[in-house]
Amino acid sequence: MKEFAEVYEEVSQGKSVRVYEMADFCQIALQSLYQILNGKRKPTSRDLVLRIAEYLQLRPKEREKLVNSYFMTIIGKDVYIRRKSVTNFFDSYKEGIGDLRFFRTSTIEELPNLMTISNTLDLAQLVYNMFFETKKEVLCMYLPSTFPILANLVRSYEKEGGQLHIEHIFGINRQKQDTELENSTLRTLQNLIPIYMGTTDFKSYYFYEDMDSFMYPFPYYILSHAGLIQIASDFKNAILIKDEKIQSLYYAHFNAQRKYSTPFNVELTKSNQIMKNSLYYWQNNQESVVSYRYYPFLYPLLDEELLKETTMGMDPDFLAESIEYMDCVRAKLEAYPSKLLFTFEGIQKFMKFGYLGEIDSMTENTFNLRDRKEIIGRLIDKYDEYGYMMLKGMFGGIDPLIQLMVTPSRGYVQIFNEHKQSVFLGIRNEKVLFLFKDYLENIPENLVYTPQEAKQLLKRLLE
């Protein structure tokens, strides 16, 4: 309860506040308001907090801070931080990696057998030059996921037409609290997504140890047949070593460490395989599903005739795949209670334009008005059985193009790269899955229509 009271005290500093006037303005008993402002009682609702902010005439950032402190007070600081990390992930993953680009300046062969580096940009340039020496071999990286501009280096090489094969091992400090550990895992995914989105064959592994304990003060390294780059924990100082015996010792360390590490379990699939991979996830699922889409998940409501209409003119194999997907999803939803979140705005757009959501990027065909009404009627009939939940609006800053489907053991996120092309991230990392699932299962009640409200609104669309 202290979080809200502390933030209130901060944002009300210097303001002339008469609590009895505030109580009257907020339509709350004076004694109750005193207890809330003194941290002896939780605020009763978000609306009350907004009224307090209005009375105080707070600036937008102060208002947001006060509202955030309310949620922190209601659900607890750790839980709030955990869920906020998911919001931050979806807000920032699409920011990209900036315009910093590298170009080859020399070959590793031209450099001395022992060379020191003393700044981060020179280190990055050396790493980039090494990319050109790897050819078809695997480049071994024993680095934290926070290594500066790693994504810029990889994407710069891809723009040169190069094809990298990278195996990356990184550590996560187990000494952190559970919430910090989960958030750290999500930040790792955020750091690595630009690499997953590219053409590089990228495999990552993690272990729960402090990486800095190996070969201090140069605990990290990048290794290929061309040489070994030992890297200090400040990412500024480094040593290039070209010595086969030393390189052999580091290869042995890398291979041993990989055996004791866990695959990060994130796989990328291009957009033309999304249907196939979605089907794979549903076929292998034996658990309840939680999903979020801007458009409602309508596949289980379709039939063969409707699918033939919207896939007309496409590859017959795609129609067969769509039918198999439809039947599979329907069977799973009937077997396992699930939650299928979508937005009211999304269903309105479906009613207006007739796009299905799943395949509108693959076909220009749409449903006619009669079929749209038929599908919405089926949505009303199956609303409770299939676990549909209609949101009053987009939440948490999630881009309307994003799709999420998670269970405790597997899931996927459909996101978009800087070229607006969809990519499919299959995830089996339990901590990332927990964060996404927890986030979707605990959306504030004020953002969700009750089943009765949702069905009433859907019926109005049919009028």
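So, here's what we can say about the structure. Note that this is a predicted model, so its numbers are computed, not measured. (Residues numbered from 1 in each chain as written. Predicted model: local features only at pLDDT ≥ 70, side-chain atom pairs only at ≥ 80, totals over all residues. Heavy atoms only, no water.)

Some remarks on the overall build of the protein chain
- The secondary structure content of the protein chain amounts to 17 helices and 15 strands.
- Of all 463 residues assigned to the protein chain, the portion counted as buried reaches 53%.
- Put simply, of all contacts in the protein chain between residues at least 6 apart along the chain, 75% involve residues at least 24 apart.
- Accessible surface computed for the protein chain: about 22400 Å², of which carbon and sulfur atoms make up 48%. (Helix = DSSP H or I, 4+ residues; strand = E, 2+ residues; numbered from the N terminus. Buried < 20%, exposed > 50% of the residue type's maximum accessible area, 1.4 Å probe, protein only. Contact = heavy atoms within 4.5 Å. Areas by Shrake-Rupley, 256 points an atom, 1.4 Å probe, with all protein chains shown as cover.)

Quick notes on the environment of valine 413
- Mapped onto the fold, valine 413 is located in strand E14 (residues 411-416).
- A sequence separation of 23 residues divides valine 413 from phenylalanine 436, and the C-alpha atoms of the two residues are 9.7 Å apart.

Details of a nonpolar patch on the surface
- The grouping of Tyr20, Leu30 and Tyr34 at the surface amounts to a nonpolar patch, some 310 Å² of accessible area in total.
- Relative to the elements of secondary structure, tyrosine 34 occurs in helix H3 (residues 30-37). (Patch = residues over 30% accessible without salt bridge, like charges linked within 9 Å, V, L, I, M, F, W, Y side chains within 5 Å. Salt bridge = Lys/Arg side-chain N within 4 Å of Asp/Glu carboxyl O.)

Regarding the packing of helix H6 (residues 77-92) against helix H16 (residues 430-441)
- H16 packs onto H6 with a crossing angle of 100° between their chain directions and a minimal axis gap of 9 Å. The orientation of H6 with respect to H16, classified from their angle, is roughly perpendicular. Between H6 and H16, the residues in contact are Arg82, Arg83, Ser85, Val86, Thr87, Phe89 and Phe90 and Phe434, Leu435, Phe436, Asp438 and Tyr439, respectively.
- Across the contact of H6 with H16, the residue classes tally to 7 nonpolar, 2 polar and 3 charged. (Axes fitted to C-alpha atoms, helices over the stretch in contact; angles between N-to-C directions. Parallel < 35°, antiparallel > 145°, perpendicular 65-115°, else oblique. Nonpolar A, V, L, I, M, F, W, Y, C, P; charged D, E, K, R; others polar.)

Here we look at the packing of aromatic side chains
- Inspection of the entire model under this criterion finds 27 aromatic pairs.
- A centroid spacing of 6.2 Å and a plane angle of 65° characterise the contact between phenylalanine 350 and phenylalanine 367, whose relative ring orientation is edge-to-face. In this pair, phenylalanine 350 is assigned in helix H14 (residues 344-353) and phenylalanine 367 in the loop between H14 and helix H15 (369-382), connecting sequence segments 17 residues apart.
- Using a relative accessible area of 0% as the deciding quantity, one classes phenylalanine 350 as buried.
- Where tyrosine 386 meets tyrosine 388, the ring centres are 6.5 Å apart and the plane angle is 50°; that geometry is what we call tilted.
- Residue placement shows arginine 293 over the ring face of phenylalanine 297; its charged tip is 4.0 Å from the ring centre.
- Seen from the ring of tyrosine 449, lysine 392 lies directly overhead, with NZ or CZ sitting 5.6 Å from the centre. (Phe/Tyr/Trp six-rings, centres within 6.5 Å; stacked < 30°, edge-to-face > 60°. Lys NZ or Arg CZ within 6 Å of the ring centre and 35° of its normal.)

A look at the nonpolar core
- The biggest cluster of nonpolar side chains holds 127 residues, and the ones touching the most others in it are Phe131, Leu189, Ile231, Trp282, Ile347, Met390 and Phe436.
- No other element matches helix H13 (residues 316-335), which puts 8 residues into this core.
- Tyr8, Val19, Met22 and Leu58 belong to the second largest nonpolar core, which has 23 residues in total. (Core = buried A, V, L, I, M, F, W, Y, C linked by side-chain atoms within 4.5 Å.)

Side note on H14
- Burial in H14 covers these residues: Phe344, Gly346, Ile347, Phe350 and Met351. One side of H14 holds all its buried residues, which, seen down the axis, span an arc of 160°.
- Elements that come into contact with the buried residues of H14 comprise strand E11 (339-343), H15, strand E12 (388-391) and helix H17 (451-461).
- Where H14 ends, the next residue or the one after it, glycine 354, has phi of about 85°, a positive value. (Arc of directions from axis to C-beta.)

As for the side chain of serine 322
- Positionally, serine 322 belongs in helix H13.
- Accessibility expressed as a relative area gives 0% for serine 322, which makes it buried.
- With sequence-adjacent residues up to four places away left out, serine 322 is seen in contact with Met275, Tyr299, Leu307 and Thr311.

Overview of unusual backbone geometry
- Even without glycine at this site, glutamine 27 takes up a positive phi of about 55°.
- Along the chain, glutamine 27 turns up in the loop between helix H2 (19-26) and H3.
- Take glutamine 27: its relative accessible area is 72%, and that puts it in the exposed class.

Overview of the pairing of E11
- In terms of residue burial, E11 counts as a mostly covered element, since 4 of its 5 residues are buried.
- Where strand E10 (residues 290-292) lies against E11, 3 bridges are found, and the strand directions are parallel. Bridged to valine 290 within E11 is lysine 339.
- Across 4 bridges, E11 lies against E12 in parallel orientation. Pairing of phenylalanine 342 across the sheet is with methionine 390, part of E12. (Pairing = 2+ DSSP bridges.)

All we've got here are geometric facts, nothing functional implied.
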